[in-house]
Amino acid sequence: TVLCILESAQRPSWPGTVLRKLAHLTPEVCPSFPLLRCWLELCCFPGWLHSEGKLSWLASSCSLPQVSPEDTQTQFLIPLGSVGKNRAEASLARARDLNPMVDVKADQESVERKPEEFFTRFDVVCVTCCSQEVLLKVDQICHKNGVKFFAGDVFGYHGYMFADLGGHEFVEEKTKPAKTSQSMEDRPDAKKAKLDFVETTMVKKRMTFCLLKEAFGITWSTEKGQAALKRTTPDYFLLRVLLKFRTEKGRDPALQACVEDAETLLQTRRGVLASLGVGADLIPDNFTSCCFSEMASVCAVVGGVLGQEIVKALSQRDAPLNNFFFFDGLKGNGIVECLAPS
């Protein structure tokens, strides 16, 4: 797990950023922070990182914080020969090499043991590889205290990102044709066509986000829910199945137990979709073959989007994605879904 603290040169009053978990997705997000032109303090735990700073991001601790043989091949911060070591500790040296201007530390405490006050010190908290219970708990704390919350994960060929920025204000650039002088009006049309005069202004806007609990609490059996169901990507329901599997098993689907886990995933699908009041055919039976491990290419895409959204949230520039982003590595496409009770 990794916790990153950022301090902005332009916004010295900002508190910090926290990252939790140092698996395959998190390293893809870290390179985005230097774009803020601020210094970054990284704290790596088997499950967490923490520090005093001025901006915040949280990446969640893994259910399996020890380095596996697969990690040494897919997580570029972990060197060979680190199998069995703590993920954060094993990644420490390369994380420092990647961020020479940053103070990188390691902390052994798990995020589940952190008090509410811990999260209120940061501006942004980003959680990965946590159970649904922890995701809901941390999001609720952040939402109540005005801390921007992000979550993300990759399961095989599928990845997602969720954002809860509360009431978020930002600015967007808006262009319009600039007024031309009388001398320009008198020029021939051929010459005027070659001159493209535009005026750029900054427009302030506001967007409201809902809690993850509310996004997971949509009633699909109502008439309104049925209409929304037709427009909702199946990836949302796949995420619910995979988070349920993680909660029950305490881990993600593993290649070492692919036959057993595939059967468990099918059973979990039936239970989850039935509880949500949607048809079991919403997710095809062959989905189990695409949910194992963390594909590096999918991590790169999801991590890039997640890092981009964190930078946008902290800089308050451009419209953020509200509120889910899903990526399907088999189809090679991503989709933004706004799922809320209203």
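Residues numbered from 1 in each chain as written. Predicted model: local features only at pLDDT ≥ 70, side-chain atom pairs only at ≥ 80, totals over all residues. Heavy atoms only, no water.

Caption draft 1: Quick look at the overall build of the protein. Scanning the protein from N- to C-terminus turns up 12 helices and 12 strands. Looking at the protein residue by residue over its 342 residues, the buried ones come to 51%. If you sum the accessible surface of the protein, you get close to 16000 Å²; carbon and sulfur atoms cover 52% of it. (Helix = DSSP H or I, 4+ residues; strand = E, 2+ residues; numbered from the N terminus. Buried < 20%, exposed > 50% of the residue type's maximum accessible area, 1.4 Å probe, protein only. Areas by Shrake-Rupley, 256 points an atom, 1.4 Å probe, with all protein chains shown as cover.)

Caption draft 2: Geometry of the pairing of strand S11 (residues 324-328). Most of S11 is tucked away: five of the five residues are buried. Neither face of S11 is exposed, since Phe324, Phe326 and Asp328 on one face and Phe325 and Phe327 on the opposite face are all buried. With five bridges connecting them, strand S8 (residues 158-164) and S11 associate as antiparallel partners. Opposite His158, over in S11, you have Asp328 as the bridge partner. Relative to strand S12 (residues 333-337), S11 runs antiparallel, the two sharing five bridges. Paired with Phe324 across the two strands is Glu337, which belongs to S12. The hairpin turn running from S11 into S12, its antiparallel successor, is four residues long, and Gly332 in that turn takes a positive phi close to 75°. (Pairing = 2+ DSSP bridges.)

Caption draft 3: Seen up close, the packing of aromatic side chains. Applying the stated criterion to the full structure yields 11 aromatic pairs. Centre to centre, the rings of Phe118 and Phe119 are 5.5 Å apart; their planes meet at 85°, and the pair counts as edge-to-face. By relative accessible area, which is 4% here, Phe118 ends up buried. Pairwise contacts between aromatic rings join Phe149, Phe162, Phe216, Trp220, Tyr236, Phe237, Phe324 and Phe326 into one cluster. Between Lys114 and the ring centre of Phe118, over which it is positioned, the NZ or CZ distance is 4.6 Å. (Phe/Tyr/Trp six-rings, centres within 6.5 Å; stacked < 30°, edge-to-face > 60°. Lys NZ or Arg CZ within 6 Å of the ring centre and 35° of its normal.)

Caption draft 4: Layout of the pairing of strand S6 (residues 124-128). Of all five residues making up S6, five are buried, and the element is well covered by its neighbours. Of the two faces of S6, the one holding Val124, Cys126 and Thr128 and the one holding Val125 and Val127 are both buried throughout. Two elements, S6 and strand S7 (residues 148-155), share five bridges in a ladder whose sense is parallel. Each residue of the ladder has a partner; that of Val124, found in S7, is Lys148. Traced from S6 through helix H5 (residues 132-144) to S7, the parallel crossover comes out right-handed. (Right-handed = clockwise from strand over helix to strand, strands pointing away.)

Caption draft 5: Up close: the confidence of the model for the protein. Looking at the protein as a whole, its pLDDT mean stands at 79, while 73% of the residues score no less than 70. Between residues 1-15, whose pLDDT stays under 50, and residues either more than four places distant or in other chains, the model counts 103 contacts. Taken together, the stretch residues 33-63 has pLDDT below 50 and engages in 219 contacts with residues farther than four places along the chain or on a different chain. (pLDDT = per-residue confidence, 0-100. Contact = heavy atoms within 4.5 Å.)

Caption draft 6: Structural detail: the side chain of Asp139. Looking at the secondary structure, you find Asp139 in helix H5. Lys213 provides the closest opposite charge to the buried, salt-bridge-free Asp139, at an N-O distance of 10 Å. Not counting chain neighbours up to four residues away, the residues in contact with Asp139 comprise Phe149, Phe162, Asp164, Leu211, Leu212 and Lys213. (Lys, Arg positive; Asp, Glu negative; His and termini not counted. Salt bridge = Lys/Arg side-chain N within 4 Å of Asp/Glu carboxyl O.)

Caption draft 7: Structural view of unusual backbone geometry. Across the junction of Asn322 and Asn323, the peptide omega takes the value 5°, indicating a cis bond. Here Asn323 is to be found in the loop between helix H12 (296-315) and S11.

Caption draft 8: Inspection of the nonpolar core at higher detail. Judged by nonpolar contacts, the single largest core of 46 residues is most densely connected at Leu135, Trp220, Phe237 and Phe324. In terms of nonpolar packing, the next biggest core, distinct from the first, is built from 19 residues, Cys299, Ala313, Leu321 and Phe325 among them. (Core = buried A, V, L, I, M, F, W, Y, C linked by side-chain atoms within 4.5 Å.)

Caption draft 9: Region of the structure containing the packing of helix H10 (residues 234-249) against helix H11 (residues 258-276). Interhelical geometry of H10 versus H11 gives an angle of 120° and a closest axis separation of 9 Å. What the angle tells us is that H10 and H11 run oblique. Viewed along their axes, H10 and H11 form a crossing whose handedness is right-handed. Contacts between H10 and H11 involve Phe237, Arg240, Val241, Leu242, Lys244, Phe245, Glu248 and Lys249 on the former and, on the latter, Glu260, Asp261, Thr264, Leu265, Thr268, Arg269, Val272, Leu273 and Leu276. Classifying every residue of the contact of H10 with H11 gives eight nonpolar, two polar and seven charged. (Axes fitted to C-alpha atoms, helices over the stretch in contact; angles between N-to-C directions. Parallel < 35°, antiparallel > 145°, perpendicular 65-115°, else oblique. Left-handed = near helix turned anticlockwise from the far one by under 90°. Nonpolar A, V, L, I, M, F, W, Y, C, P; charged D, E, K, R; others polar.)

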